[in-house]
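# What the coordinates show
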Amino acid sequence: MKPLETILSIKNLNKRYGSLQALKNVTFDIHKGNVYGILGPNGSGKSTTLGIILNVVNKTSGEYSWFDGNMQTHEALKKVGAIIERPNFYPYMTAKENLELVCKIKSINYAKVNEKLELVGLVDRQDSKFSTFSLGMKQRLAIASALLNDPEILILDEPTNGLDPQGIHQIRDIIKHIAAQGTTILLASHLLDEVEKVCTHALVLRKGEVLYSGLVDGMSVNQGFFELRADDTENLISVLKTHPAVKNSVNEEGKVLVYLKDKLEPKELNQFLFENNIVLSHLVKRKNSLEEQFLELTKNK
Ligand code: ADP
Ligand code: MG
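Values in this document were obtained by computation on a predicted structure and should not be read as measured data. (Residues numbered from 1 in each chain as written. Chains lettered and ligands numbered in written order. Predicted model: local features only at pLDDT ≥ 70, side-chain atom pairs only at ≥ 80, totals over all residues. Heavy atoms only, no water.)

## Topic: the overall build of the protein
Looking only at helices and strands, the protein features ten helices and 13 strands. The C-alpha atoms of the protein give a radius of gyration of 24 Å, which is well past the 19 Å a tight globule of 301 residues would have. Counting only C-alpha atoms, the protein reaches 80 × 45 × 45 Å along its principal axes. Per-residue burial over the protein gives 47% buried out of 301 residues. Long-range contacts, defined as pairs at least 24 residues apart, comprise 67% of the intrachain contacts of the protein with a sequence gap of at least 6. Accessible surface, the protein as shown: approximately 15900 Å² in total, 47% of it carbon and sulfur. Between the averaged position of the 37 positive side-chain charges in the protein and that of its 36 negative side-chain charges there is a distance of 5 Å. (Helix = DSSP H or I, 4+ residues; strand = E, 2+ residues; numbered from the N terminus. Rg over C-alpha atoms; globule rule 2.2 N^0.38 Å. Buried < 20%, exposed > 50% of the residue type's maximum accessible area, 1.4 Å probe, protein only. Contact = heavy atoms within 4.5 Å. Areas by Shrake-Rupley, 256 points an atom, 1.4 Å probe, with all protein chains shown as cover. Lys, Arg positive; Asp, Glu negative; His and termini not counted. Charge placed at Lys NZ, Arg CZ, Asp CG, Glu CD.)

Below, the structure is given as structure tokens:
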């Protein structure tokens, strides 16, 4: 298999605003075809990161290179579609007219207007003035506009901020649809479930530091845990200690929580305990949700 094409490579990026260190040695790569989420609470440096790679914020130190370094930033950015501010178009022009203007400025075929309006579900409203649009429609129009030149990568900063639940749902569906067509996506979000629902890869930032970088699925670093109950809690815990897949067991108000270092199915555990003369009255397997892991990753650091 051919190695994945690198769209963007960031190495040891640092940013200081006066005495405030907004980014600390941020390092990550973006490969073609994936959907990346920069996840972190407000103020963690997400927008700063996007601003630097889009050449609107100056880095303090470190490096980044677009498309394997084969292109100047200025040239590379022509292959990037980005929305990092609230969508803004001419209010008294229609959706279609606004997009045609973008085509004119960027020398893009007007045929793209209809294609992209269709993609974001705005064909029916193409002749409505921009000023009559809801925030969700404005955001969808901004996405259509950013996609007019079929960019290699689409970059979005907090794409669902301020939208109602229906608007959020529509935007997420559109992002997934664009990704399914093969466009690489990088989005910043403070919403864990957004990254979980939309992205394949995550970069978790806290106060400018990378806490996690890798597959969204890989964030479930541990194998989950069991909740058990038996009459003799102490005996249960001592028997659990002898199982090779068990990391540790804790007694929490009569319920025993069993943390794992290896994969273990409920059936195997039950059988093992039964063979050691323990009959369970309760057995549930739980997986740490990304939410808990995110809180775990971001606390006290
Ligand atoms: P996020 O997008 O994750 O909310 P930002 O990148 O906007 O975070 O901000 C990271 C940190 O840098 C914050 O502490 C913020 O207050 C600070 N910051 C951002 N922009 C500026 C600026 N232009 N001048 C000074 N400090 C800034
Ligand atoms: Mg931001």
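## A few points about the site of ligand 1
Around ligand 1, a shell composed of Y17, L20, A22, P41, N42, G43, S44, G45, K46, S47 and T48 is seen. S44 is positioned such that a nitrogen or oxygen atom in its backbone is 3.2 Å from an oxygen atom of ligand 1. Coverage of ligand 1 by the protein chains reaches 57% of its 560 Å² of free accessible surface. Contributing elements (two or more residues each) for the shell around ligand 1: β2 (20–31) and α1 (46–53). The biggest single contributor to the shell around ligand 1 is α1, with three residues. Classifying every residue of the shell around ligand 1 by side-chain character gives four nonpolar, six polar and one charged. (Near = heavy atom within 4 Å. Polar contact = N/O pair within 3.5 Å; in protein donor to acceptor, adjacent residues only side chain to side chain. Nonpolar A, V, L, I, M, F, W, Y, C, P; charged D, E, K, R; others polar.)

## Some points on the domain arrangement of the protein
In terms of domains, the protein is made up of domain 1 (6–90 + 150–220) and domain 2 (225–298). Using C-alpha coordinates to define each centre, domain 1 is positioned 38 Å away from domain 2. (Domains from an automatic or database assignment.)

## A closer look at the packing of aromatic side chains
Two aromatic rings, taken as a pair, are described by how far apart their centres are and by the angle between their planes. In the structure shown here, the tally under the stated rule is four aromatic pairs. With a centroid separation of 5.9 Å and an interplanar angle of 35°, the aromatic rings of W66 and F67 are classed as tilted. Its relative accessible area of 1% is what places W66 among the buried residues. Since its relative accessible area comes to 6%, F67 is described here as buried. (Phe/Tyr/Trp six-rings, centres within 6.5 Å; stacked < 30°, edge-to-face > 60°.)

## Notes on the pattern of salt bridges
Applying the stated rule across the entire model yields 14 salt bridges. For K78, the salt bridge is made with E75, and the minimal N-O distance between the two is 3.2 Å. Residue E75 is classed as partly exposed on the basis of its relative accessible area, which comes to 36%. With a shortest N-O distance of 2.6 Å, E227 and R286 are connected by a salt bridge. You can see E227 sitting in strand β10 (residues 225–230) and its partner R286 sitting in strand β13 (residues 280–286), a full 59 residues away along the chain. With a relative accessible area of 8%, E227 lands in the buried category. A cluster of three or more residues bridged by salt bridges with shared partners is formed by K112, E115, K116 and D150. (Salt bridge = Lys/Arg side-chain N within 4 Å of Asp/Glu carboxyl O.)

## Examining the side chain of T233
Examined against the element boundaries, T233 turns out to sit in helix α8 (residues 233–240). Overall, the relative accessible area of 16% leaves T233 in the buried class. Excluding anything up to four places from it in sequence, T233 contacts N251, G254 and V256.

## Some words on the sheet that holds strand β3 (residues 35–39)
The strand order β5-β6-β7-β3-β8-β9 describes an open sheet built from six strands, whose pairing is mixed. Of all the strands in the sheet, the pair left with one neighbour each is β5 (80–83) and β9 (209–215). Strand-to-strand twist in this sheet, taken as the mean axis angle between neighbours without regard to direction, amounts to 10°. Against the sheet, helix α5 (residues 135–147) engages β5 and β6 (153–157), with an angle of about 160° to β5. Here helix α6 (residues 165–180) sits on the sheet in contact with β3, β6 and β7 (184–189), set at roughly 150° to β7. (Pairing = 2+ DSSP bridges. Axes fitted to C-alpha atoms, helices over the stretch in contact; angles between N-to-C directions.)

## What to know about α5
With 13 residues, α5 extends 18 Å from end C-alpha to end C-alpha; this agrees with the ideal 18 Å at 1.5 Å per step. α5 sits mainly inside the fold: eleven of its 13 residues count as buried. Along α5, the positions that sit buried rather than exposed are G136, M137, Q139, R140, L141, A142, I143, A144, S145, A146 and L147. Its buried side turned inward, α5 meets β5, α3 (95–106), α4 (111–119), β6 and α6. (Expected span 1.5 Å × (residues − 1).)

## Details of the environment of Q126
With respect to the element layout, Q126 can be found in the loop between α4 and α5. Residues Q126 and L141, 15 residues apart in the sequence, show an inter-C-alpha distance of 9.5 Å.

## Here we look at the pairing of β10
Of all six residues in β10, five are buried, a share of seventy percent or more. When β10 meets strand β12 (residues 255–260), the two strands line up antiparallel, connected through four bridges. From the neighbouring strand, F226 faces β12, where its bridge partner is V258. Taken together, the six bridges between β10 and β13 define a ladder with antiparallel strand orientation. The residue bridging A230 from the neighbouring strand is L280, located in β13.

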